[in-house]
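# Coordinates in review
Each chain is listed here by its residues.
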Amino acid sequence: MPAPKNQASHSASRPRDPRVARRLETVASPVSPNPVSPNLVSLNPVSPNLVSPNLVSPNLVSTAESQVGTEMPHHDPGHNSAERHDDTGPREECGVFGVWAPGEEVAKLAYFGLFALQHRGQEAAGIAVSDGSRVLVFKDLGLVSQVFDEQVLSSLAGHIAVGHCRYSTTGSSTWENAQPAFCTTATGSGLALGHNGNLVNTAELLAQARKIGVPTRNGASTDSDLITELLAAAADTGLDNAVRRLLPQLRGAFSLIFCDEGTLYAARDPHGVRPLVLGRLERGWAVASETAALDIVGADFVREVEPGELLAIDASGLRSSRFADPDPKGCVFEYVYLARPDTTIAGRGVHATRLEVGRRLAQEHPADADLVIPVPESGTPAAIGYAQGSGIPYGKGLVKNAYVGRTFIQPSQTIRQLGIRLKLNPLRDVIRGKRLVVVDDSIVRGNTQGALVRMLREAGAIEVHVRIASPPVRWPCFYGIDFASRAELIATGADVDGVRRTIGADSLGYVSLAGLIAASEQPASRLCTACFDGRYPIPLPPSESIGKHLLEDLDAVARVSSLTR
Ligand code: SF4
């Protein structure tokens with residue numbers, strides 16, 4: 001494949017690893033109608049993870065048997081979300097990590113930062129680096145440890161890095177949609193961007209992009225790519241100016257980390273829906289989705305990036321400016337499930353919050369029982385808290401098999417429910433003859449809990465009392481978490497007793513929203529709780545202008561175009 005015309009401005013010399021070159025060529029082709037390299041062809045249309053012959057990892061085998069095992073070997077970062085055992089729970093959004101550190105191996109710092117954030121997105125990973133004269137991007141489908149190896153990382157030399165791990169909350173899970181997104185700016189610079197969150201005015205921005213003739217997307221279909229393209233197009237008087245003009249126009253949730261050749265930027269939406277924190281390295285700065293990622297690369301936590309704040313870091317130092325007045329509405333679900341337990345959000349430890357939720361759950365929904373067990377690992381802290389609050393002994397009643405793929409690869413619900421048995425096995429000696437309290441983090445569709453209750457009864461439990469460390473999820477999230485649709489949410493169509501009957505429990509109790517908020521130690525006015533109460537803090541557009549696949553829906557694009565003519 002010939003190098004695209006604009007590659008020269010970013011790549012004075014060929015990267016050492018030919019795979020880097022392929023990625024660069026395919027990324028740096030904003031004008032190509034089909035920028036996907038012929039080398040990047042999925043041999044198995046069922047699974048876009050099967051990318052060959054550019055196999056980054058021998059784990060991604062493009063054979064028929066992969067139909068059973070195409071889900072990446074399950075990486076366990078010690079976090080609850082990596083433990084999901086069906087497709088009924090919330091899916092994480094993305095993790096972002098940025099470094100500005102001359103003299104450091106920034107790609108490796110980004111790698112370990114992403115490794116710590118793997119729970120936030122397990123479909124794709126990428127790192128962009130700048131050495132001051134060019135921006136290189138390497139990305140692929142797969143876990144961080146599958147996408148990168150020593151050879152690739154050593155090819156990514158520079159002093160700035162932007163890393164991203166993705167779960168698709170907009171657009172499909174394709175190579176083009178993996179991040180960092182890349183564009184060439186109006187002045188010929190490279191621009192690489194990683195985004196956590198979802199915009200709610202994507203259709204409006206797309207219409208604007210079309211009006212001013214911004215090039216078509218690089219085969220990508222995400223709001224993140226659209227942001228990148230709009231920024232690149234507006235950067236005729238420099239990226240700084242483009243950023244200041246564009247950020248106030250974005251609505252929704254965005255924690256952004258991006259860079260050109262000389263500067264690392266970080267920006268957080270005025271509501272601060274998704275977390276973003278700043279850390280100090282010995283020889284530079286790091287910015288990350290969670291404090292745990294700072295810990296892992298040895299960066300000292302400095303502070304949160306404030307809602308509505310833009311940071312720029314370069315040879316002149318760190319500069320902070322505001323692009324909007326702050327109106328904090330942090331996602332309360334980060335405390336429930338999304339963030340790592342060893343992360344701190346708004347000064348409150350996630351693990352401590354989950355423990356406290358469990359204690360409050362015990363007060364709000366006591367049970368006459370012999371043993372409290374968690375659904376590992378997601379329910380563990382709240383189960384400990386429940387045991388503390390109730391005085392009922394805590395024990396391990398389920399053993400998790402960490403090596404079984406997530407069951408959402410199974411096509412039918414029947415098999416999906418069986419899949420829970422592959423993932424979780426009861427300790428019969430512990431359970432037999434006991435009245436159990438089983439604590440989980442949330443119920444979305446209810447399939448998991450129904451299968452668990454059946455499994456525990458079959459293992460000899462004489463009573464199963466289910467306790468949930470969050471209120472009923474009744475509303476979808478439009479700010480970057482992929483729940484089921486409203487119709488699929490079990491709590492939308494049934495009251496608590498209806499859900500109890502559906503899952504077959506002897507009793508069911510959810511922590512109250514007030515209890516959850518109190519446990520987070522945040523004022524309710526500074527939190528988003530929309531998936532529980534339907535109060536969306538950022539106004540939503542009409543339903544036809546929002547949705548995960550909006551940019552793939554040509555009809556929607558046509559509708560938007562006609563609306564804006
Ligand atoms: S709707 Fe729920 S998951 Fe989404 S940002 Fe609000 S609290 Fe978080």
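This text goes with the structure placed above it.
On to helix H3 (residues 106–116). Counted residue by residue, H3 has 8 buried out of 11 residues, so it is predominantly covered. Residues Val106, Ala107, Leu109, Ala110, Tyr111, Gly113, Leu114 and Ala116 constitute the buried set of H3.

On to the environment of Val144. The topology assignment puts Val144 in helix H4 (residues 144–147). With near-sequence residues (within four places) excluded, Val144 lies in contact with Tyr111, Leu114, Phe115, Gln118, Ala125 and Cys165.

What follows is about the sheet that holds strand E7 (residues 181–184). With antiparallel pairing, the 6 strands of this open sheet are ordered in space as E7-E8-E9-E10-E14-E15. Of all strands in the sheet, those with a lone pairing partner are E7 and strand E15 (317–322), marking the two edges. Pairwise comparison of adjacent strand axes, ignoring direction, gives a mean angle of 20° for this sheet. Looking at chain direction, strand E14 (residues 309–314) and E15 are connected through 6 bridges and run antiparallel. Bridged to Glu309 within E15 is Arg322. Running at roughly 145° to strand E8 (residues 190–196), helix H7 (residues 223–234) makes contact with E7, E8 and strand E9 (255–259) of the sheet.

Counting residues in hydrophobic clusters, the biggest one holds 46 residues, and the most contacted among them are Phe333, Val372, Tyr386, Val437, Val439, Tyr479 and Phe483. Of all the elements, helix H10 (residues 333–338) adds the most residues to this core, at 5 residues. In this structure, this core is formed jointly by two domains, domain 1 (93–329) and domain 2 (348–533), each of which donates at least three residues. Counting residues in hydrophobic clusters, the runner-up holds 32 residues, among them Leu109, Ala125, Val144 and Cys165.

Around the ligand, the surrounding shell consists of Val273, Arg274, Cys331, Val332, Phe333, Cys477, Tyr479, Ile481, Phe483, Cys528, Ala530 and Cys531. Residues that form the shell around the ligand fall into these classes: 11 nonpolar, no polar and 1 charged.

In this section: the sheet that holds strand E24 (residues 507–510). An order of E19-E22-E23-E24 is seen for the 4 strands of this open sheet, with the pairing classed as parallel. Strands at the two margins of the open sheet, each flanked by one partner only, are strand E19 (371–374) and E24. Taken pair by pair, the neighbouring strands of this sheet meet at an average axis angle of 20°, ignoring direction. Here 6 bridges tie strand E22 (residues 435–440) to strand E23 (residues 463–468), and the two strands are oriented parallel to one another. Opposite Leu436, over in E23, you have Val464 as the bridge partner. Those strands touched by helix H11 (residues 350–364) are E22, E23 and E24, and its axis lies near 130° from that of E24. Each of E19, E22 and E23 is contacted by helix H12 (residues 380–390), which is oriented at about 165° to E19, the strand it contacts most.

About the cut-offs
- Residues numbered from 1 in each chain as written.
- Predicted model: local features only at pLDDT ≥ 70, side-chain atom pairs only at ≥ 80, totals over all residues.
- Heavy atoms only, no water.
- Buried < 20%, exposed > 50% of the residue type's maximum accessible area, 1.4 Å probe, protein only.
- Helix = DSSP H or I, 4+ residues; strand = E, 2+ residues; numbered from the N terminus.
- Contact = heavy atoms within 4.5 Å.
- Pairing = 2+ DSSP bridges.
- Axes fitted to C-alpha atoms, helices over the stretch in contact; angles between N-to-C directions.
- Core = buried A, V, L, I, M, F, W, Y, C linked by side-chain atoms within 4.5 Å.
- Domains from an automatic or database assignment.
- Near = heavy atom within 4 Å.
- Nonpolar A, V, L, I, M, F, W, Y, C, P; charged D, E, K, R; others polar.

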